[in-house]
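Each chain is listed here by its residues.
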Amino acid sequence: AQSVTQLDSQVPVFEEAPVELRCNYSSSVSVYLFWYVQYPNQGLQLLLKYLSGSTLVESINGFEAEFNKSQTSFHLRKPSVHISDTAEYFCAVSGASGAGSYQLTFGKGTKLSVIP
Amino acid sequence: DTEVTQTPKHLVMGMTNKKSLKCEQHMGHRAMYWYKQKAKKPPELMFVYSYEKLSINESVPSRFSPECPNSSLLNLHLHALQPEDSALYLCASSWGQGALKTQYFGPGTRLLVL
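### Observations concerning the overall build of chain A
Logical step 1: The secondary structure content of chain A amounts to 0 helices and 12 strands.
Logical step 2: Along the chain direction, N to C, the helices and strands of chain A fall in the order β-β-β-β-β-β-β-β-β-β-β-β.
Logical step 3: Its C-alpha radius of gyration of 14 Å places chain A within 12% of the 13 Å reference for a compact globule of 116 residues.
Logical step 4: By the burial criterion, 47% of the 116 residues in chain A qualify as buried.
Logical step 5: If you take every contact in chain A between residues at least 6 apart in sequence, the share linking residues at least 24 apart comes to 58%.
Logical step 6: Carbon and sulfur atoms form 50% of the exposed surface of chain A, whose accessible area is close to 5600 Å².
Logical step 7: Both charge centroids of chain A, one from 7 positive and one from 9 negative side chains, sit 9 Å from each other.

Shown next as structure tokens:
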């Protein structure tokens, strides 16, 4: 079985400050990791993903995440946030084997609030 | 293009009504999903279709009835819903069903059951 823990339910941060949203996972098999963002009253948008290769992945809007196998983490970072980054962020994992391997297991989400 | 469209955006229905939600994608994806999302919670998987066949039903009540008429279209038929079914219903699609297959989500239909 796999699970995802997002350690912070809410993260307030001032505009132009750096931010880190934490995500830890547990799985007994190889995993694939995703960050999705949900703006108010919208659906989920894929922000970035780790499937294989370089452990540092980047999105087009300045976010990055690093897959750390030894710490079972996939934290999301941005060096300077904007008001428009205010949203709910979900970390998700899918496993490489098992009957439920197609399933995305979501964390509970982190609400990022950017303060002007 | 990674677009999944959903209609309607909003829906209000009574407990005796019958309505349908529609989801469409033109990316050639062969797996499609329905999720239910309550406020301040992550999405919960309801159904998975793979190659137009229902492959997963996560013990969803029969008042929700999915249908996949073709590879681009996914419907969710609603009948005799309860107020607790009010939620955001999200559709997603992926190239296939498997861990490596990234799921792309639509904007959702916000449903209110009175």
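### Description of the pattern of salt bridges
Residue and element names in this part refer to chain B.
Logical step 1: The full count for this structure, using the stated rule, is 7 salt bridges over all chains.
Logical step 2: The partner of lysine 22 in a salt bridge is glutamate 24, and the shortest N-O contact between them spans 3.8 Å.
Logical step 3: Lysine 22 gets classed as partly exposed once you look at its relative accessible area, which sits at 36%.
Logical step 4: Overall, glutamate 24 belongs to the partly exposed group, its relative accessible area being 25%.
Logical step 5: A salt bridge links aspartate 85 to lysine 36, with the nearest nitrogen and oxygen atoms 4.0 Å apart.

### Digging into the packing of aromatic side chains
Logical step 1: By the definition in use, this model includes 12 aromatic pairs over all chains.
Logical step 2: When the centroid spacing of 6.3 Å and the interplanar angle of 65 degrees are considered together, the rings of Phe106(A) and Phe105(B) count as edge-to-face. Pair noted here: Phe106(A) is in strand S11 (residues 105-106) and Phe105(B) is in strand S10 (residues 104-105), and the two residues belong to different chains. Across the pair, Phe105(B) and Phe106(A) agree in class, each one buried.
Logical step 3: Aromatic ring contacts, followed pair by pair, group Phe34(A), Tyr36(A), Phe90(A), Phe106(A), Tyr33(B), Tyr35(B) and Phe105(B) into a single cluster.

### Some points on the interface of chain A and chain B
Logical step 1: Taken residue by residue, the interface counts 22 residues in chain A and 22 residues in chain B.
Logical step 2: Summed over both sides, the interface of chain A with chain B buries roughly 1700 Å², with 61% coming from carbon and sulfur.
Logical step 3: The interface formed by chain A and chain B contains 0 salt bridges.
Logical step 4: Where chain A touches chain B, the interface holds 4 residue pairs in polar contact (both at pLDDT 80 or more).
Logical step 5: Secondary-structure elements contributing two or more residues to the side of chain A that touches chain B are strand S5 (31-38), strand S6 (44-50) and strand S10 (87-95) of chain A.
Logical step 6: Sort the elements by how many residues they give to the side of chain A that touches chain B and S5(A) lands first, with 4 residues.
Logical step 7: Taken together, the residues of the side of chain A that touches chain B sort by class into 11 nonpolar, 9 polar and 2 charged.

### Observations concerning the state of the cysteines
All names here are of chain A.
Logical step 1: Counted by the stated rule, this structure contains 2 disulfides over all chains.
Logical step 2: In this model cysteine 23 forms its disulfide with cysteine 91; the gap between the sulfur atoms is 2.0 Å. Taking the torsion about the S-S bond as the criterion, the cysteine 23 to cysteine 91 disulfide, at about -65 degrees, is left-handed. Of this pair, cysteine 23 sits in strand S4 (residues 23-26) while cysteine 91 sits in strand S10, placing them 68 residues apart in sequence. Cysteine 91 carries the same exposure label as cysteine 23, and that label is buried.

### Notes on the environment of Glu20(A)
Residue and element names in this part refer to chain A.
Logical step 1: Assignment of secondary structure puts glutamate 20 in strand S3 (residues 19-21).
Logical step 2: Judged by relative accessible area, glutamate 20 falls into the partly exposed class, the value being 34%.
Logical step 3: In the structure, glutamate 20 is positioned 59 residues away from proline 79 in sequence and 8.7 Å away in space, judged by C-alpha atoms.
Logical step 4: With residues near it in sequence (within four places) discarded, glutamate 20 still touches His75, Leu76 and Arg77.
Logical step 5: Side-chain polar atoms of glutamate 20 contact the side chain of arginine 77, separated by 2.8 Å.

Conventions and cut-offs
Residues numbered from 1 in each chain as written. Chains lettered and ligands numbered in written order. Predicted model: local features only at pLDDT ≥ 70, side-chain atom pairs only at ≥ 80, totals over all residues. Heavy atoms only, no water. Helix = DSSP H or I, 4+ residues; strand = E, 2+ residues; numbered from the N terminus. Rg over C-alpha atoms; globule rule 2.2 N^0.38 Å. Buried < 20%, exposed > 50% of the residue type's maximum accessible area, 1.4 Å probe, protein only. Contact = heavy atoms within 4.5 Å. Areas by Shrake-Rupley, 256 points an atom, 1.4 Å probe, with all protein chains shown as cover. Lys, Arg positive; Asp, Glu negative; His and termini not counted. Charge placed at Lys NZ, Arg CZ, Asp CG, Glu CD. Salt bridge = Lys/Arg side-chain N within 4 Å of Asp/Glu carboxyl O. Phe/Tyr/Trp six-rings, centres within 6.5 Å; stacked < 30°, edge-to-face > 60°. Buried area = accessible area lost by both parts, 1.4 Å probe. Polar contact = N/O pair within 3.5 Å; in protein donor to acceptor, adjacent residues only side chain to side chain. Nonpolar A, V, L, I, M, F, W, Y, C, P; charged D, E, K, R; others polar. Disulfide = S-S within 2.5 Å.

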